[in-house]
Amino acid sequence: MVKLTGPNKIKTAVFISGNGSNLKSLIKFSKLEKSPISINLIVSNKKKAGGLKFGKIFKIKSKSFSFKKKRLSEKKILLMLEKNKINLICLAGFMEILSNYFIKNFNGKILNIHPSLLPKFKGLNTHKRVLQNNEKYSGCTVHFVNSKLDSGKIILQKKVKIKMKDNHQSLAKRILVQEHKLYPKAILKVFSL
Ligand code: GRF
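These numbers were taken from a predicted model, which means no experiment stands behind them.

Taken together, the residues surrounding the ligand are Asn 19, Gly 20, Ser 21, Asn 22, Gly 93, Ile 113, Pro 115, Leu 176 and Glu 179. Between the ligand and the protein, one listed contact pairs an oxygen atom with a backbone N or O atom of Asn 19 at 3.5 Å. For the ligand, an oxygen atom lies 2.7 Å from a polar atom in the side chain of Glu 179. Broken down by secondary-structure element, the contributors of at least two residues to the shell around the ligand are helix H1 (21-30) and helix H6 (168-191). Grouping the constituent residues of the shell around the ligand by class yields 3 nonpolar, 5 polar and 1 charged.

Next comes the structure, spelled out in structure tokens:
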């Protein structure tokens, strides 16, 4: 395996909307010698996203865009990505659907993490729907992003057993712990030379 050093690492932007716990785990991973990526930019669609604090803590350039005027925001983001020579986007709890225009015009790869065993339970309210359906297992998936929601090529998945006493919050919590491990593993799988 060829190890990429600081300036040669793949310049990555992480897109968030909420707490940013996946962002935090990706930042920690990026600092390891074995990591092929560096995190150079954080993009949020919410000014008040809790995860933006990690931009301050780890001194990473961060910017929020409202997405009320989606095409305009996407154009601005594409420019920013180009300026910062970003080659990879990791969506991590980013609650906007990127348009085809954006996906086609970004000069790099886009990954996403979704809290279910895709192709099952695409979209929102995943854990509630999983429990309503009396599933025995759920889990999380890292996949490439294409123009269809949660439908790009799967890179890695982790199964999580559902407990009798689980509610959607307890299940979300257990799956999140696995998400933090799975995203770095998936990045290593895609980018290790
Ligand atoms: C994660 O469960 C992610 O899979 C989902 O939203 C959650 C975001 O959590 N899409 P965080 O912001 O990374 O803590």
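Here the narrative resumes.
Summed over all chains, the structure comprises 4 aromatic pairs. Ring geometry for Phe 15 versus Phe 94: centroids 5.2 Å apart, planes at 75°, classification edge-to-face. Highlighted residues: Phe 15 in strand E1 (residues 10-16) and Phe 94 in the loop between strand E4 (88-91) and helix H4 (100-105), separated in sequence by 79 residues. This pair shows no difference in class: Phe 15 is buried, exactly as Phe 94 is. Between Phe 67 and Phe 94, the ring centres sit 5.7 Å apart and the planes meet at 70°, which makes this aromatic pair edge-to-face. With a gap of 27 residues between them, Phe 67 in the loop between strand E3 (61-64) and helix H3 (70-83) and Phe 94 in the loop between E4 and H4 connect regions that are remote in the sequence. Both residues of the pair, Phe 67 and Phe 94, count as buried.

Taking strand neighbours across the sheet as the criterion, the 7 strands line up as E3-E2-E1-E4-E5-E6-E7 in an open arrangement whose pairing is mixed. The open sheet has two edge strands, E3 and strand E7 (154-161), and neither has a second partner. Taken pair by pair, the neighbouring strands of this sheet meet at an average axis angle of 20°, ignoring direction. Note that E1 and E4 share 4 bridges and pair parallel. Each bridged residue has a counterpart across the sheet, and for Thr 12 the counterpart in E4 is Leu 88. Packed on one face of the sheet, H6 meets E1, strand E2 (37-44), E4, strand E5 (109-114), strand E6 (137-144) and E7 and runs near 155° to E7.

Reading the values: the criteria
- Residues numbered from 1 in each chain as written.
- Predicted model: local features only at pLDDT ≥ 70, side-chain atom pairs only at ≥ 80, totals over all residues.
- Heavy atoms only, no water.
- Near = heavy atom within 4 Å.
- Polar contact = N/O pair within 3.5 Å; in protein donor to acceptor, adjacent residues only side chain to side chain.
- Helix = DSSP H or I, 4+ residues; strand = E, 2+ residues; numbered from the N terminus.
- Nonpolar A, V, L, I, M, F, W, Y, C, P; charged D, E, K, R; others polar.
- Phe/Tyr/Trp six-rings, centres within 6.5 Å; stacked < 30°, edge-to-face > 60°.
- Buried < 20%, exposed > 50% of the residue type's maximum accessible area, 1.4 Å probe, protein only.
- Pairing = 2+ DSSP bridges.
- Axes fitted to C-alpha atoms, helices over the stretch in contact; angles between N-to-C directions.
- Contact = heavy atoms within 4.5 Å.

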